[in-house]
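A look at the structure
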Amino acid sequence: TFDHILDTAIVVLEETGWSLSKPRRIGVFRKFVDMPEYGLKAEKICTIYLAQPGRRMGPPREDGHSAHWVPQNLAPDLLHNTGDRHFMTNYLTGT
């Protein structure tokens, strides 16, 4: 939905300092995470988008975040999350 894409664009801006262009959903998965700062365990619904960079709006707003540009074929090996890696690999192989 448009609202979900808008939410995603806001997160991308906060974490990278960049706007995004032409977002395309390539997958959705669930994961369970510890959230020790809140004393919780949570189920997260993760939606994976492939997009092009729009414009640099400034530095990332969140500490420890940055934007990196790499060739698409290198992306799966750089992704630490198995769900992210799965959908990027499927996108690249056309499966």
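Quick caveat, the model's predicted, so the values are computed rather than measured. (Residues numbered from 1 in each chain as written. Predicted model: local features only at pLDDT ≥ 70, side-chain atom pairs only at ≥ 80, totals over all residues. Heavy atoms only, no water.)

Moving on, we get to the overall build of the protein chain. In terms of helices and strands, the protein chain carries three helices and two strands. The order of α-helices and β-strands along the protein chain, N terminus first, is α-β-β-α-α. Over its C-alpha atoms, taken along the principal directions, the protein chain stretches across nearly 35 × 35 × 30 Å. Buried residues in the protein chain amount to 17% of all 95 residues. For the protein chain, restricting intrachain contacts to residue pairs at least 6 apart in sequence, the fraction spanning at least 24 positions comes to 57%. Taken as a whole, the protein chain presents about 7,300 Å² of accessible surface, with 55% of it coming from carbon and sulfur. A gap of 7 Å separates the mean positions of the 11 positive and 11 negative side-chain charges of the protein chain. (Helix = DSSP H or I, 4+ residues; strand = E, 2+ residues; numbered from the N terminus. Buried < 20%, exposed > 50% of the residue type's maximum accessible area, 1.4 Å probe, protein only. Contact = heavy atoms within 4.5 Å. Areas by Shrake-Rupley, 256 points an atom, 1.4 Å probe, with all protein chains shown as cover. Lys, Arg positive; Asp, Glu negative; His and termini not counted. Charge placed at Lys NZ, Arg CZ, Asp CG, Glu CD.)

The next thing to look at is the side chain of Thr16. Take Thr16: it is sitting in helix H1 (residues 2–16). Engagement of the side chain of Thr16 in a polar contact is seen with the backbone oxygen of Val12, the distance being 2.6 Å. A polar contact of 3.1 Å, which involves the side chain of Thr16, links it to the backbone nitrogen of Trp18. Non-local contacts of Thr16, meaning those with residues more than four positions away in its chain, are made with Gly58, Pro60, Ser66 and Ala67. (Polar contact = N/O pair within 3.5 Å; in protein donor to acceptor, adjacent residues only side chain to side chain.)

Of the residues in the protein chain, 99% have a pLDDT of 70 or more, and the chain-wide mean is 90. Mean pLDDT per element in the protein chain: H1 is the minimum at 84, and helix H3 (residues 82–93) is the maximum at 95. (pLDDT = per-residue confidence, 0-100.)

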